[in-house]
Amino acid sequence: MEFYRSAVGKKWVMGVTGIALLGFVLAHMIGNLKVYLGDGQLDSYAHFLRELLYPLLPKTVTLWLMRTGLVIAFLLHIHAAASLTLLNRRANTAYRGPRDLAVASYASRTMRWSGVIVAVFLLWHLADLTWGVTPMAPEGWTAGAVEANLAASLSRGGVAVLYIVANLLLGVHIYHGAWSLFQSLGLAHPSYNRWRRRFAQAFSAVIVIGNVSIPIAVWTGWVG
Amino acid sequence: MSTVRLDAKTPPGPLAEAWDNHRFSLKLVNPANKRHFKIIVIGTGLAGASAAATLAELGYQVDVFTFHDTPRRAHSIAAQGGINAAKNYRNDGDSVDRLFYDTIKGGDFRSREANVYRLAQLSLNIIDQATAQGVPFAREYGGLLDNRSFGGAQVARTFYSRGQTGQQLLLGAYQAMARQVGLGTVRLRVRTELMDVVLKEGRAVGVVVRDLLTGEIASHSAHAVVLCTGGYSNVYYLSTNAMTCNTTAIWRAHRRGAAFANPCFTQIHPTCIPAAEDFQSKLTLMSESLRNDGRVWVPASPDDDRPPRQIPEDDRDYYLERVYPAFGNLVPRDVASRAAKRMVDAGHGVGSRKNGVYLDFQDAIARLGRQAVTARYDNLMEMYNRITDEDPYQVPMRIYPAPHYTMGGLWVDYNLMTTIPGLYALGEANFSDHGANRLGASALMQGLADGYFVLPYTIGDYVAGFLNESPVPTSDPAFARAEAQLQERISGLLSMKGGRTVDDFHRQLGRVVWDECGMSRNEEGLDRAVAHLPDLYEEFRRDARVPGDGESLNQTLEKAARLEDFFELAMAMCVDARHREESCGGHFREEHQTPQGEAVRNDERFTTVSAWFWTGDPTRPSLQEEPLAFENVELTTRSYK
Amino acid sequence: MNITLRAWRQAGPSDEGGFETYQVSDLSSDMSFLEMLDVLNERLTLEGLEPIAFDSDCREGICGACGVMINGRAHGPQAATATCQLHMRSFQDGDTITVEPWRAAAFEVIRDLVVDRSAFDRIVEAGGFITVATGSAPEANLTPVPKETAETAFDAAACIGCGACVAACPNSAAQLFTAAKASHLNLLPQGGAERYVRTERMVDTMERFFGSCTNHGECEAACPKQISIDFIAMMNRDYVKAKVNSRGNA
């Protein structure tokens, strides 16, 4: 706890929770690609998740354990980010003249905005496809009919655009985060530093391409 | 004051045992009592920071003052080359005796044998101490310390950290002191300038300081006061010193009765970048090591205005190689400097202002290849290029000598105490170890030897006499008087609302001192300067302009106060140079030279230290001479032909 | 050359402050930036105005006293260059140049372009040293240090404490300064014994004054000594280890 009180500790926690969330985002994206297989494969995948480790554990227990872990990771990530932002606001005094940043990327400068927007989108996304709350969820939303719900939701033009924009922002957020976490966790060395940047580029590209392809595919009628 | 007898307190007996015997004879203060003693240290360069750290480690209460915003800015930080130590890691025949001899000879036989011998002995401990503090000295592939050679020595005994040895050694000392600040044993006050030393019953009992941010004047008392405030090359205005280096602390101590020794012993470094134009604020030194591969020349004809690369070999004068065939471009600093001045004075100067000589790497590049030259000197080439916008790989560098170091300073005895009991001077602020000329890589050695290893022992001998006595309270009338005098002085400076800037007067003072008491001096010029300087000073008081008030940061006021002291010091320098009828080291009197222009010492008359006492008239100080005895080395004439 | 200078003027810490515009003419491109300010200051003095206060000392780029924001860049447009080593040839005739003091909550403006950087000293006092009392040091060559280690330690030790890293950081973080000092000492065997307690104390002190690192990399770009942000990662790792290793003595 004392460790977490320090800013360096909070950054370390953001790095560790960042890795967990990156893992989730990657797995989620790969799972979603089953939509291209059609034939109820996505529904089966959702069903499989609910029965993960069954009969070792009762049904949905593993899923709920994973969800709990994710929620904790999200909350810690957000709490650390929020308190660091407050700290930085206190530490900083604005320049009155022009400011000419030399190397800070668009991604690094907009982390807190891309983060907030992605978090809000996440709630929308849960209401839409997990909880089935209107007006986020499409008409005729049915529990368990993942593929149909998805197709119904994304065939709404505005929603598809929302998903695309949100996933681009997620990519921007990941682009800085996947590079930055090495720094926060103290994993930097001249011998592999150039790979850190490439890793971040590749990772964010994979996530964005995978995730954005789905609304486009649904919208263009290629899927669903 | 003229009744003070100079007692150098040089220990008797063989040199090699002198320091050990002396230490044994000094009174000790037991650890429980040390905390009852308070010591004020002024300045946080190598000498000040190392002394403050060590005194606090021993248990003394230490108050440290610096006019910088942090101790780490002190000008020791700018030393490039390295630090000498007689470790003999190279197995090349070095020893304490050899370092001692080289330093005595380098100083042209005008320093004290016992002090220099102690310095050579302590050089060993400095390297150990600095290494343990984490100073990142250059190392061999085996992990052991590397050495390089330096001017004036035939052995490689110089330890270095790239071209930033001073920075790294200062950080080591600063960090040792910072540790004590954290522990509460050193109280540090930054942006606070010493303005006066306070005496009671003839001994130093405290200081008056001025807070540079608020203008507040305050007194601090202690059992002893230690001045570590550096040298006074900025009397020349243009020098390699930092902008704020000044003589105020030692000059104010001098005015209170401390003898000033050999003020005319100043060192002019031969390889600096010449002044570009009148706005030039300081001169930048280029490491002496460049002369290992660069060849110095000027056009043979003074009227030759062709660009350097268009001047054929036959029309060039490689004057160092011509005049000093044995040493060529590697003659010592003072010889190289004077030769350059002779050439420029005779109209052979190069550059648009005809104020430099060429240092040419064309032959070195042809002989060694550009890559080898780059490996040796690239950081210097780059620095030169950045400042002048000229590429030294394509056109020769232009260089000219510049004031760099002052061997003169407050007279101190073997214990580093000035003629005022309880007032000490360390490092460049004292006169003790370098005689008339300092060897390269010896300044850092002296500052640290004084601060780490000499003063912490010797000060105990003095303060032990005051056991159970508190420092004189600052409510004492002596402090009130000094504060009132300072207040009056500041008001006087602030009332100066004339038509010229303080910098303008400093430039003018610098030109006079440079022309008459610079690289070479003569009777006529020195008399002229002594006659003219009081008038110039009066003009400054009448016609300078000091804007602003004394209640907030006022950098012009700071400069004006320091310049006043430079004016008086300049007079003392000229008086001293006029008095010393010989040429030795950095002091070259044109009347005393061989037909070939080499320095001629007068050992019969001037194997002495000139210690000057304040009389109230800066052009008429009173003199006492300390005879120098050479029992271990033989006085010889230096020849580099 | 002629330039228009917009300089920040502020009489004292509690003064509001604002930009003043000055025409500075007949400059030489061989002048350093600070010499340009000197010239302007002499003129202001003779006009009966107060000169612009700024810190500078060695003017060789090593003491770290100087440093201002020039057109939004710490130490100006030239990389790896302290303000005193910046020359007017880096600008064009007719340029407007805006000069502002370092800004951070911990760097209070004292006057005009002068700020208080003493928080850096507090960080060093907390642990930026190796505990070795004078006289207690062993023979220097007793502990070999691999050349590469010594060189890397030097890369970190080259820090001049100018504050450009904090000034350039959008969060006013002092990670690069603190990491440079900690890494210099942590890398060397001589500093090994105090490695973790040093890192812990320095970081904790740093956070009393400064913001947190979000890995923009602006500090590295502004650093006149080009100190690498790899040292920040090294410090972060040491800090975690320090917290893991500490046995309840927190």
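Per chain, the residues get numbers from 1 upward, laid out in the order the sequence is written. By the order in which they are written, chains take letters starting at A while ligands take numbers starting at 1. Residue-level local features of this predicted model are given only where pLDDT is at least 70; pairs of side-chain atoms are given and counted only at 80 or more, and the full residue set underlies all totals for whole chains, interfaces and linings. In computing side-chain values, all of the structure's heavy atoms are included and hydrogens and water are not.

## Overview of the interface of chain C and chain A
- Any two residues having at least one pair of non-hydrogen atoms within 4.5 Å are treated as being in contact. Listed by partner, the interface residues are 48 residues for chain C and 41 residues for chain A.
- Between chain C and chain A lies a buried interface of about 3500 Å² when both sides are counted; carbon and sulfur atoms form 51% of it.
- Each reported salt bridge corresponds to a side-chain nitrogen of Lys or Arg within 4 Å of a carboxyl oxygen of Asp or Glu. Here chain C and chain A share 2 salt bridges between them.
- Here Lys243 of chain C and Glu2 of chain A are joined by a salt bridge, their closest N and O atoms 2.7 Å apart.
- The way it works is that DSSP assigns letters per residue, a run of H or I at least four long becomes a helix, a run of E at least two long becomes a strand, and they are numbered from the N terminus. Elements represented by at least two residues in the side of chain C that touches chain A include exactly β1 (3-9), β5 (96-100), α4 (164-168), α6 (195-209), α7 (218-222) and α8 (230-245) of chain C.
- Looking at which element gives the most residues to the side of chain C that touches chain A, the answer is α8 of chain C, with 8 residues. When two parts are put together, the accessible area they lose, computed with a 1.4 Å probe and summed over both, is reported as buried area.

## Observations regarding the sheet that holds strand β9 (residues 224-227) of chain B
All names here are of chain B.
- A pair of strands is considered paired only if DSSP assigns at least 2 bridges between the two. Pairing within the open sheet is parallel, and its 5 strands lie in the order β5-β2-β1-β9-β17. With partners counted over all chains shown, the strands left at the sheet margins are β5 (186-189) and β17 (423-425), one partner each. Neighbour-to-neighbour, the strand axes of this sheet turn through a mean angle of 20 degrees, independent of strand direction.
- Summarising the sheet, strand β1 (residues 38-42) and strand β2 (residues 61-65) pair through 5 bridges and their orientation is parallel. Bridging from a neighbouring strand, Lys38 pairs with Gln61 of β2. Lines fitted to C-alpha atoms define the axes, with helix axes restricted to the stretch in contact, and inter-axis angles between N-to-C directions lie between 0 and 180 degrees.

## Points about unusual backbone geometry
- With an omega of 15 degrees, the peptide bond running from Tyr54 of chain A to Pro55 of chain A counts as cis.
- With respect to the helices and strands, the residue Pro55 of chain A is situated in the loop between α3 (41-50) and α4 (61-91).
- The omega torsion across Thr134 of chain A and Pro135 of chain A is 5 degrees, close enough to zero to call that bond cis.
- Tracing the backbone shows Pro135 of chain A in the loop between α6 (111-131) and α7 (146-154).
- With a phi angle near 55 degrees, Asn88 of chain B is a residue other than glycine that sits in the positive phi range.
- Turning to its location among the elements, Asn88 of chain B is positioned in the loop between β3 (83-84) and α4 (96-106).
- Looking at Asn88 of chain B, the relative accessible area reads 28%, which means it is partly exposed.
- You will see that Asn262 of chain B, though not glycine, has its phi angle at about 45 degrees, which is positive.
- With respect to the helices, strands and loops of the structure, Asn262 of chain B is situated in the loop between β10 (260-261) and β11 (266-272).
- The class for Asn262 of chain B is buried, based on a relative accessible area of 2%. Accessible area is worked out with a 1.4 Å probe on protein chains only. A residue is then buried under 20% of its type maximum, exposed over 50%, and partly exposed in between.

## Points about the nonpolar core
- Counting 228 residues, the largest nonpolar core has Ile83, Tyr424, Ile459 and Phe540 of chain B together with Phe210 of chain C as the members making the most contacts within it.
- Sorting elements by how many residues they give to this core places helix α16 (residues 555-579) of chain B first, with 14 residues.
- When sequence neighbours within four positions are dropped, the list of residues in contact with Ile459 of chain B reads Ile39, Leu55, Tyr60, Ala224, Val226 and Tyr424 of chain B.
- Residues belong to a common nonpolar core when they are buried Ala, Val, Leu, Ile, Met, Phe, Trp, Tyr or Cys residues joined through side-chain atoms within 4.5 Å. In terms of nonpolar packing, the next biggest core, distinct from the first, is built from 33 residues, Ile268, Val296, Met343 and Met381 of chain B among them.

## Describing the pattern of salt bridges
- What the rule picks out here adds up to 79 salt bridges over all chains.
- Among the ionic pairs, Arg386 of chain B bridges to Glu382 of chain B, the shortest N-O distance being 3.4 Å. Placement of both Arg386 of chain B and Glu382 of chain B in helix α11 (residues 370-388) is noted, with a separation of 4 residues, approximately one turn of the helix.
- For Glu382 of chain B, a relative accessible area of 42% puts it in the partly exposed group.
- Among the ionic pairs, Glu50 of chain C bridges to Arg111 of chain C, the shortest N-O distance being 2.6 Å. On the criterion of sequence distance, the pair formed by Glu50 of chain C in the loop between α1 (33-46) and β3 (69-70) and Arg111 of chain C in strand β6 (residues 109-111) is long-range, its members being 61 residues apart.
- With a relative accessible area of 33%, Glu50 of chain C lands in the partly exposed category.

## Things to note about the interface of chain C and chain B
- Contacts between the two partners involve 74 residues from chain C and, on the opposite side, 77 residues from chain B.
- Carbon and sulfur atoms supply 52% of the area that chain C and chain B bury against each other, a total of about 6200 Å² over both sides.
- At the surface where chain C touches chain B, the tally comes to 8 salt bridges.
- Notably, a salt bridge pairs Glu42 of chain C with Arg507 of chain B, separated by 2.9 Å at the nearest N-O pair.
- Identification of polar contacts relies on pairs of N or O atoms within 3.5 Å, with a donor-acceptor requirement for protein atoms, meaning one able to donate a hydrogen and the other able to accept it, and with residues adjacent in sequence counted only if both atoms are side-chain atoms. Linking chain C to chain B there are 44 residue pairs in polar contact (both at pLDDT 80 or more).
- Taken together, the elements giving at least two residues each to the side of chain C that touches chain B come down to α1, β6, β7 (114-115), α2 (119-127), α3 (147-157) and α5 (175-187) of chain C.
- Nonpolar residues are Ala, Val, Leu, Ile, Met, Phe, Trp, Tyr, Cys and Pro. Charged residues are Asp, Glu, Lys and Arg, and all others, Gly as well, are polar. In terms of residue class, the side of chain C that touches chain B is made up of 36 nonpolar, 19 polar and 19 charged.

## Things to note about the sheet that holds strand β7 (residues 203-211) of chain B
All names here are of chain B.
- Here 3 strands make up an open sheet; going across it, the order is β6-β7-β8 and the pairing antiparallel. Pairing within the sheet leaves two strands with one partner each, and these edge strands are β6 (192-200) and β8 (217-221). Along the sheet, successive strands turn relative to each other by an average axial angle of 30 degrees, direction set aside.

## Points about the confidence of the model for chain C
- A residue-level look at chain C finds 98% of positions with pLDDT of 70 or above and a mean pLDDT of 96.
- As scored by the predictor, the complex reaches a pTM of 0.97 and an ipTM of 0.98. Per-residue confidence from the predictor is reported as pLDDT, a score between 0 and 100.

## Brief notes about a nonpolar patch on the surface
All names here are of chain A.
- Each patch is assembled from residues with relative accessible area greater than 30% and no salt bridge, linking like charges that lie within 9 Å and nonpolar side chains (Val, Leu, Ile, Met, Phe, Trp, Tyr) that lie within 5 Å. Accessibility throughout is a Shrake-Rupley quantity obtained with a 1.4 Å probe, and a residue counts as covered only by protein chains that appear here. Residues Trp113, Val116, Ile117 and Val120 make up a contiguous nonpolar surface patch of roughly 400 Å² in combined accessible area.
- Structurally, the position occupied by Trp113 is in helix α6.
- By relative accessible area, which is 53% here, Trp113 ends up exposed.

## What to know about the packing of helix α14 (residues 502-517) of chain B against α16 of chain B
Residues and elements named next belong to chain B.
- Across the interface, α14 lies against α16 with an axial gap of 10 Å and an inter-helix angle of 15 degrees. In terms of orientation, α14 and α16 fall into the roughly parallel class. Once α14 is placed against α16, the crossing between them reads as left-handed. Judged by residue contacts, Val502, Asp503, Phe505, His506, Leu509, Val513 and Cys517 of α14 engage Thr556, Lys559, Ala560, Leu563, Phe566, Phe567, Ala570, Met573, Cys574 and Ala577 from α16. We call two directions roughly parallel when the angle between them is under 35 degrees, roughly antiparallel when it is over 145, roughly perpendicular when it lies between 65 and 115, and oblique otherwise. Handedness of a crossing is defined here by the sense of rotation of the near helix relative to the far one, left-handed for an anticlockwise turn of less than a right angle and right-handed for a clockwise turn.

## Let's talk about the side chain of Gln80 of chain B
- Position of Gln80 of chain B relative to the elements: it lies in the loop between β2 and β3.
- Those residues in contact with Gln80 of chain B that lie beyond four places of it in its chain are Arg148, Arg162, Gly163, Gln164, Thr165, Leu285, Ser287 and Met383 of chain B together with Glu60 of chain C.

## Digging into the environment of Gly59 of chain B
All names here are of chain B.
- In this fold, Gly59 is placed in the loop between α3 (46-58) and β2.
- Sequence-wise, Gly59 and Phe37 are 22 residues apart; in three dimensions their C-alpha atoms are separated by 8.7 Å.
- Aside from chain neighbours lying at most four places away, what touches Gly59 is Lys34 and Arg35.

## Structural notes on the packing of aromatic side chains
All names here are of chain B.
- Aromatic rings from Phe, Tyr and Trp, taking only the six-membered ring of Trp, are treated as a pair when their centres fall within 6.5 Å; an angle between ring planes under 30 degrees marks them as stacked, one over 60 as edge-to-face, and anything in between as tilted. Applying the stated criterion to the full structure yields 34 aromatic pairs over all chains.
- Taken together, a centroid distance of 6.1 Å and an interplanar angle of 85 degrees make the contact between Trp251 and Trp614 edge-to-face. You can see Trp251 sitting in helix α7 (residues 248-255) and its partner Trp614 sitting in the loop between β20 (608-613) and β21 (622-627), a full 363 residues away along the chain. Of the two residues, Trp251 and Trp614, both sit in the buried class.
- With centroids separated by 5.4 Å and ring planes inclined at 65 degrees, the aromatic side chains of Tyr537 and Phe567 adopt a geometry described as edge-to-face.

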